[in-house]
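Next come the chains, spelled out residue by residue.
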Amino acid sequence: MSATTRAIRVLIAKPGLDGHDRGAKVLVRALRDAGMEVIYTGLFQTPEMIAHAAADEDVDVVGISILSGAHNVLVPKIIEELRVAGLDDVLLVAGGTIPAEDARLLRESGVAAVFGPGTPLTEAVDFIRNHIPSRERDH
Amino acid sequence: MHHRPSADNHHVYDQPPDPRQTDFSTVSGEPVEPLYDASSLERIGFDADRDVGQPGNYPFTRGIHESMYRGRLWTMRQFAGFGSAAETNARFRYLLEHGETGLSIAFDLPTLYGRDTDDPLAEGEFGKCGVAVSSLLDMEELLDQIPLGDITTSMTINGPAAIIWAMYIATAEKRGIPRAQLGGTLQNDILKEYTAQNEYIFPPEPSMKLVVDTIEFATNEMPRWNSISISGYHIREAGATATEELAFTIADGLAYVDAALARGLDVDEFAPRLSFFFNCHNDFFEEIAKFRAARRIWAKLMRERYGAQNERSWWMRFHTQTAGCSLTAQEPENNVVRTTIQALAAVLGGTQSLHTNSLDEALALPSDWAVRIALRTQQVIAFESGVTNSVDPLAGSYLVETMTSEMETRVWAILSEIDEIGGVIPAIESGYFQKRISDSSYRYEQALAERSKIVVGVNALRSNEPPDIPILQMDPSGEGRQRERLARLRQDRDNNRWIESMDALETAARNDDNLMPALIDAVQAYATLGEITERLRVVYGAHRPLQIV
Amino acid sequence: MTEDLVTRFLAGERRALARLLSHVEDRTDLGRLALREIFQRTGNAHTIGITGPPGAGKSTLVNALIRHYREHGKTVAVVAIDPTSALSGGATLGDRIRMMDNYADDGVFIRSMATRGQLGGLSLAVGGAVHLFDAFGFDIVLIETVGVGQAEVDVADAADTTIVVQVPGLGDSIQTIKAGVLEIADILVVNKADRPDARQLVRDLRNMLLLGDHGTRMPPIVPTIATEADGITRLVEEIAAHRQYLEESGTADDRVRQRLRREVAQFAREQFNLWLLDWLHDPANDPLAERLLRREDDPGTVADRLLDDFRTAPQRHSR
């Protein structure tokens, strides 16, 4: 046993002007119910704001929720900002109205999973839980 | 609720629904009796004359007109918009050619937030979920060859509604059509933005002032125009139950009536032009009950609470859209069936106009093919199904009347709660709506995970095949072209006139004048949407949301 | 790889600070080592605790304070604490979202923390975070937490100045505001002061303060409207005045001494608890449990035996 168990810290972010936050909020609750510590950025985040929050909060996971169709422009920018902030090893996942072809391209550029509409909540939660990056490398 | 990780967990979604399931409740979670009969009506104290009456007569449960669809069908009004003004204009003309009877404009996210296409926050968002309108030039192109004097146009815009409306009016007048002749609807319902759709710009107080400006302007100058479409659609999409959708919408309606009265307007002058907008989800009877209860409740409020004398003030006129949140990306062809059931419920519920979603809308904006099916869905119902031959055909049904009355009772209870908090704005500030919506939304998600609520093809009978339908492709170079257009506009316009009109606008805002005349003037000087919004933001400030999870 | 985290921290690298905050929160060896190495640099920041019931507007108040301090050239760090759900072990950390005005500013660092139901309370994690921010060079460290039970005491422990925020109209009568809460307050804030019942609340609080014992200093009551940054200037003045009072009255050193002593005790307890849990789970000690069951030994005797083992055990315990 230990004095405290390490918790998984997750940042859920809504980039751009997309105001549909139903899915993001539901995911926040589900991740909390699954024992994770979840920070929700709120709406209208720029890629820079997302990377800044992820770095300062030292999260393990960044989840992007985007239903506006602007994912092809915004997600690559977020990936770049995360890289600049030294967060290459963060688990990055995305959800929303992202067509299969776009999802494939996003996965190739560093998004670990894309959860399209109709993805069971448990699938997203389980994926995150099973793919947390290791933390052993600090010295 | 703990979700145990398991490889088998998702496999269960391929199975049919569990035959032993015991959840017999509506989509919203309201329990449903195995049987409704005369005793049900007795239980609720049903009185046919008082509660149902005749169509076209108080309390209008059966419909606001005596003959309803036999006299005139609902307006088939398909929400449309994408990319540039030119592309959307083509879609408008396509729909009108195929029998649509009214226009409904969808704007893109930057426009909805009062931003021009070249605003830094707008990057990547141009034309994605609607048409980009940054100036009068765009509006003119959007409405090219559209007979503005003959058809009615609905504009789904809220934060910058007054500005976009000014562009519409200016376009019509440039073509010699007097504003008094223009018919249509402006959504312009800012209260639900703070709780559900999040398309706010300014804080609640100045935003309400702008809404009242438009109500006042329409009352005085545009008698055929519905200045506001008090909406429940988005509240439902955000996760509310059917009861919450109705109650919150009516509460917002009351807040607008109060605000207009506070301005000194006469209830019988503006109330006839208030309109509503509802969602229609899958639970057939729950939705029909909701619509009938809606009319009854509003009529009672207008007559009893506000003492309106004009019968038209008692009418609840509404537009309905089938539920976007019910559409699936999996097996999208099934969405045609869902939309049909929902459209039928809206018709049996007595809607004045209807938008049917296209089958591909969980994946993208609708293609021509998909939107034609959606339109045909309405037309088949209207011309082949026979349900329009008689008014409110389900009246008298034990189930429908019981559900209608029970819905009404639940709504009164919520309206009471909101009254106790002090009204809609205090309730927004305390997070009342947001918390309820969030809770209902999560409850539904849990029900889906447990499979006590079913979505065919998603958590039951899932086939795992990727969708194979043509998806609307957008022109990626559109954003660049629009930026250039804006740059040229700013150069070519008469900038002295622009400066004058913008200063006059700011002065009018600071003086608390009705902003419509100054807005019409500014858009005629080719001030852009972003420029006007920015100037008003200087005066009014920006809204800071509560953000409740 | 590159230089170690502590070196990078000492060189002013923000990312190293963020990582070390995690280590301190997770109670790792590296966290303990880091605190040892940076402790000399602490003792400069002014730490302000902000507590109060949910809905009081604390986060909005913090947001306004941050802006004020930044406008006056001070750097600000925030530890925003939210409760871990006992049921699920998870938490929604929802304070940051209300402090979003300040994201672009390097002079502001917001860190969200869950209470995590730790043995030894929240204090060590929060205390460690405060030390890190202090050593890194932040002028002001704000600790925000929900004032329910133990958490408010923990906050008072870690802070030089404790602000308790109340709001009118939360449905609680004045009697339910625990006397203990008022005792830890160095400053009382009545937020949403534009509400009609705000004046009454101020009067009630003043009366309650008069009944209690506050030594040489009566905490001031500051009305604010956090959403409009109203009353913030006065609040900042009271905070500065309190700091001055601490120094001039000699209370400052006493408080710090007490706090550090408590921290030592907490560290020691944490160490002992870790060792104890291992001892209790060690199968080699099962015979002792059997002896208890058979009434051959009593608990006191077993405890003595346990302590003997502890005295002779190797000293370092960690996860």
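Just so you know, the residues in each chain are numbered from 1, in the order the chain's sequence is written. To read the labels, note that chains go from A and ligands from 1, taken in the order they are written. With pLDDT at 70 or above as the cut-off, local features in this predicted model cover only qualifying residues; side-chain atom pairs require 80 or more to be listed or tallied, and sums for whole chains, interfaces and linings still use all residues.

This brings us to the overall build of chain C. Across its full length, chain C holds 12 helices and 8 strands. Here a residue counts as buried when 20 or more other C-beta atoms sit within 10 Å of its C-beta, as exposed when there are 12 or fewer, and as partly exposed otherwise, the C-beta atoms being derived from the backbone. Within chain C, the fraction of its 319 residues that count as buried is 40%. Two residues form a contact once the distance between their C-beta atoms, set from the backbone, is within 7 Å. The contacts in chain C between residues at least 6 apart in sequence include a share of 73% that link residues at least 24 apart. Helical segments are the DSSP runs of H or I of at least four residues, strand segments are the runs of E of at least two, and each set is numbered from the N terminus.

Turning next to the sheet that holds strand β1 (residues 46-52) of chain C. Strands in a sheet are paired, the pairing made by backbone hydrogen bonds, and the direction either parallel or antiparallel. Residue and element names in this part refer to chain C. Paired strands, as defined in this entry, are two strands with at least two bridges between them according to DSSP. The strand order across the open sheet formed by 7 strands is β4-β2-β5-β1-β6-β7-β8, and the pairing between neighbours is parallel. Lying at the two open borders of the sheet, with one neighbouring strand each, are β4 (108-114) and β8 (221-223). Neighbouring strand axes in the sheet, compared pairwise and without regard to direction, differ in orientation by 20 degrees on average. Here an axis means a line fitted to C-alpha atoms, over the contact stretch when the element is a helix, while the angle between two N-to-C directions is reported on a 0 to 180 degree scale.

Let us look at the interface of chain B and chain A. Counting residues at the interface gives 38 residues for chain B, matched by 34 residues for chain A. Taken together, the elements giving at least two residues each to the side of chain B that touches chain A come down to α5 (109-112) and α19 (432-450) of chain B. It is α19 of chain B that provides the largest number of residues to the side of chain B that touches chain A, a total of 5 residues. By residue class, the composition of the side of chain B that touches chain A is 19 nonpolar, 14 polar and 5 charged. Throughout this entry, Asp, Glu, Lys and Arg are counted as charged residues, while Ala, Val, Leu, Ile, Met, Phe, Trp, Tyr, Cys and Pro are counted as nonpolar. The remaining residues, Gly among them, count as polar.

All names here are of chain B. The strand order across the open sheet formed by 9 strands is β5-β4-β3-β2-β1-β9-β8-β7-β6, and the pairing between neighbours is parallel. Bordering the open sheet on either side are β5 (225-226) and β6 (228-231), each of which pairs with just one other strand. Examined bridge by bridge, β6 and strand β7 (residues 274-280) share 4 bridges and lie parallel to one another. The residue bridging S231 from the neighbouring strand is F277, located in β7. Set on the sheet, helix α11 (residues 242-262) makes contact with β6 and β7; between it and β6 the angle comes to about 145 degrees.

Residue and element names in this part refer to chain C. Segment limits for the domains were obtained from an automatic or database-derived domain assignment. Domain annotation for chain C reports domain 1 (1-39), domain 2 (42-249) and domain 3 (262-312). The interface is formed by 10 residues belonging to domain 1 together with 10 residues belonging to domain 2. Among the elements of the structure, α2 (14-26) and α3 (29-38) are those that each provide at least two residues to the side of domain 1 that touches domain 2. Across the side of domain 1 that touches domain 2, the residue classes break down as 8 nonpolar, 1 polar and 1 charged.

All names here are of chain A. Look at helix α3 (residues 71-84): 19 Å from first C-alpha to last across 14 residues, which is about the 20 Å you get at 1.5 Å a residue. Among the structural elements, α2 (47-56), β3 (61-66), β4 (91-96) and α4 (100-108) are those in contact with the buried residues of α3. Among the residues trailing α3, G86 stands out with phi positive, at a value near 80 degrees. In a helix, the anticipated span is given by 1.5 Å times the number of residues less one.

Moving on, we get to the packing of helix α5 (residues 123-136) of chain C against helix α10 (residues 251-281) of chain C. Geometrically, a packed helix pair is captured by the angle between its two axes and the distance between the axes. All names here are of chain C. Where α5 meets α10, the closest approach of the two axes is 10 Å, and the angle between their N-to-C directions is 125 degrees. Put simply, α5 runs oblique to α10. Our pair here, α5 against α10, has a crossing hand that is left-handed. Of the residues in α10, those touching α5 at S123, L124 and G127 are E263, Q266, F267 and E270. Each angle gets one of four labels, with under 35 degrees taken as roughly parallel, over 145 as roughly antiparallel, 65 to 115 as roughly perpendicular, and the rest as oblique. Helix crossings get a hand from a simple test, with the near helix turned counterclockwise from the far one by less than a right angle marking a left-handed crossing and a clockwise turn marking a right-handed one.

Looking now at the pairing of strand β1 (residues 75-80) of chain B. Residues and elements named next belong to chain B. Within β1, 6 of the 6 residues are buried, leaving the element largely enclosed by the surrounding structure. Here β1 shows no split at all, with T75, R77 and F79 on one side and M76, Q78 and A80 on the other all buried. Where β1 lies against strand β9 (residues 353-355), 2 bridges are found, and the strand directions are parallel. Its bridge partner being in β9, T75 is matched across the sheet by S353. In terms of strand pairing, β1 meets strand β2 (residues 102-106) through 4 bridges, oriented parallel. Residue pairing across strands places F79 opposite S104, the latter belonging to β2. Handedness of a crossover is defined as follows: with both strands directed away from the viewer, a clockwise route from the first strand across the helix to the second makes it right-handed. Crossover connection from β1 via helix α4 (residues 85-97) to parallel β2: handedness right-handed.

Residues and elements named next belong to chain A. Within β3, 6 of the 6 residues are buried, which leaves the element mostly enclosed by the surrounding structure. Side-chain alternation along β3 places V61, G63 and S65 on one buried face and V62, I64 and I66 on a second face that is also buried. Summarising the sheet, β3 and β4 pair through 6 bridges and their orientation is parallel. Within the sheet, the bridge partner assigned to I64 lies in β4 and is A94.

Turning our attention to the interface of chain C and chain A. Contacts between chain C and chain A engage 36 residues on the former and 28 residues on the latter. Where the side of chain C that touches chain A is concerned, the elements lending two or more residues are α2, β3 (91-93), β4 and α10 of chain C. Classifying every residue of the side of chain C that touches chain A by side-chain character gives 15 nonpolar, 11 polar and 10 charged.

This next bit is on the confidence of the model for chain C. All names here are of chain C. Within a predicted model, pLDDT stands for the predictor's per-residue confidence, ranging from 0 to 100. Taken residue by residue, chain C gives an average pLDDT of 87. The fraction at 70 or more is 89%. Within chain C, helix α6 (residues 150-158) has the poorest average pLDDT of any element, 68, and β8 the best, 96. Model confidence for the complex: the whole-complex pTM is 0.90, and ipTM, which rates the interface, is 0.93.

A few words on the packing of α2 of chain C against α3 of chain C. All names here are of chain C. Where α2 meets α3, the axes come as close as 7 Å, and the angle between the chain directions of the two elements is 115 degrees. Our classification of the angle between α2 and α3 gives roughly perpendicular. α3 is crossed by α2, and the crossing has left-handed handedness. For the pair α2 and α3, contact is made by L20, H23, V24 and D26 and by L30, G31, A34 and L35, respectively. A per-class count over the contact of α2 with α3 returns 5 nonpolar, 2 polar and 1 charged.

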